[in-house]
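Now for the letters of each chain:
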Amino acid sequence: IRECLYAEVTAVGRRRLHAAIGDALERRATTGSRHLADLAFHFTRGGDRARGVTYTLAAADRGMASFAGAEAQALYNDALVLTDADDHSVRGSIAVRLGNAALPAGDNKVATVAFEQARAELLGVGDDRGADAAAHRLGQAWARVEEHARAETAFREALRLLQSLDPGLEVRVRVDLAALLGMSLGRNDESLAVARRALKDAE
């Protein structure tokens, strides 16, 4: 019955109804994950892309906090679809979050694609620090699937982009690179040199 009634409403009428429902739900101002998902659903279908993205991301972040990784991934994908193609900064941020949701779930292909996209989007707007973080995570994702050459390239790119922008992150990247060189690639002298540099920077 619900589906039949919905089908009888015009497209314009549906958008107005969804927008009105979204407004009504928003006024209730509860913060549960189901409520956030409902807000995302109605604002998206009501044509309010900005609030659709806002609540989709909020629902996805809530999913990550409650270990609902699969749900979070789906919502981050929805947010990417809703975000304008030329809004590279926001798209880069969403792609990082998508990769962060996929990696612990073992969805390594999704993670590598997401971090690659994040790196490219953030580099495009000159956000070297954000691009560096994405490159670091990309290296970790490649290392997880034993794509050692790609992982090394990503870690070295992260170090190139950092240039002392974030000393703490630079230390972590060097530690990951040292582990990769020594334990995975057997290049022990290089590994030791990188590890010593990381220790010096940490001190």
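Please read these numbers as outputs of a predicted model, since none were measured by experiment.

Participant: Can you help me understand the side chain of glutamate 152 in this one?
Facilitator: Considering the arrangement of structural elements, one finds glutamate 152 in helix 9 (residues 148-162). A residue is classified by how much of its surface remains accessible, and glutamate 152, at 13% relative accessible area, is buried. Other than its neighbours up to four places away in sequence, glutamate 152 contacts Leu177, Leu180, Leu181, Leu185 and Arg187.

Participant: Is there a simple way to think about the side chain of serine 191 in this case?
Facilitator: On the secondary structure map, serine 191 appears in helix 11 (residues 188-202). Contacts of serine 191, omitting those with residues within four sequence positions, involve Ala178, Leu181 and Gly182.

Participant: For this particular structure, what's the right way to read the packing of helix 7 (residues 108-124) against helix 8 (residues 128-144)?
Facilitator: Two quantities define a packed helix pair, namely the angle between the helix axes and the distance between the axes. The N-to-C vectors of helix 7 and helix 8 enclose an angle of 160 degrees; their axes lie 8 Å apart at closest approach. If you check the angle between helix 7 and helix 8, you find them roughly antiparallel. In terms of crossing hand, the pair formed by helix 7 and helix 8 is left-handed. Contacts from Asn108, Ala111, Thr112, Phe115, Glu116, Ala118, Arg119, Leu122 and Leu123 in helix 7 reach Asp128, Gly130, Ala131, Ala134, Ala135, Arg137, Leu138, Ala141, Trp142 and Arg144 in helix 8. Of the residues that constitute the contact of helix 7 with helix 8, the class distribution is eleven nonpolar, three polar and five charged.

Participant: Got a minute to help me understand the environment of aspartate 132 in this structure?
Facilitator: Mapped onto the elements of the fold, aspartate 132 is located in helix 8. Accessibility expressed as a relative area gives 0% for aspartate 132, which makes it buried. Through-space distance from the C-alpha of aspartate 132 to that of glutamate 121 is 12 Å; in sequence the pair is eleven residues apart. Other than its neighbours up to four places away in sequence, aspartate 132 contacts Ala158, Leu159, Leu161, Leu162 and Leu169.

Participant: When you look at the pattern of salt bridges in this model, what are you seeing that I'm missing?
Facilitator: Side-chain pairing between opposite charges can occur once the charged atoms of the two side chains come close. Evaluation of the coordinates by the stated rule reveals 17 salt bridges. The residue arginine 91 makes a salt bridge to glutamate 121 at a minimum N-O spacing of 3.2 Å. One end of the pair, arginine 91, is in helix 6 (residues 88-102); the other, glutamate 121, is in helix 7, with 30 residues separating them in the sequence. By relative accessible area, arginine 91 is classed as buried at 15%. Across the salt bridge formed by arginine 156 and glutamate 190, the nearest N and O atoms sit 3.6 Å from each other.

Participant: I keep staring at helix 6 and nothing clicks. Help me out?
Facilitator: Because the α-helix completes a turn every 3.6 residues, residues three or four places apart line up on one side. For helix 6, which comprises 15 residues, the first-to-last C-alpha distance of 21 Å matches the rise-based estimate of 21 Å (1.5 Å per residue) to within 8%. Buried within helix 6 are the following residues: Arg91, Gly92, Ile94, Ala95, Val96, Leu98, Gly99, Ala101 and Ala102. The inward-facing, buried residues of helix 6 abut helix 4 (49-65), helix 5 (69-82), helix 7 and helix 8.

Definitions and limits used
Residues numbered from 1 in each chain as written. Predicted model: local features only at pLDDT ≥ 70, side-chain atom pairs only at ≥ 80, totals over all residues. Heavy atoms only, no water. Helix = DSSP H or I, 4+ residues; strand = E, 2+ residues; numbered from the N terminus. Buried < 20%, exposed > 50% of the residue type's maximum accessible area, 1.4 Å probe, protein only. Contact = heavy atoms within 4.5 Å. Axes fitted to C-alpha atoms, helices over the stretch in contact; angles between N-to-C directions. Parallel < 35°, antiparallel > 145°, perpendicular 65-115°, else oblique. Left-handed = near helix turned anticlockwise from the far one by under 90°. Nonpolar A, V, L, I, M, F, W, Y, C, P; charged D, E, K, R; others polar. Salt bridge = Lys/Arg side-chain N within 4 Å of Asp/Glu carboxyl O. Expected span 1.5 Å × (residues − 1).

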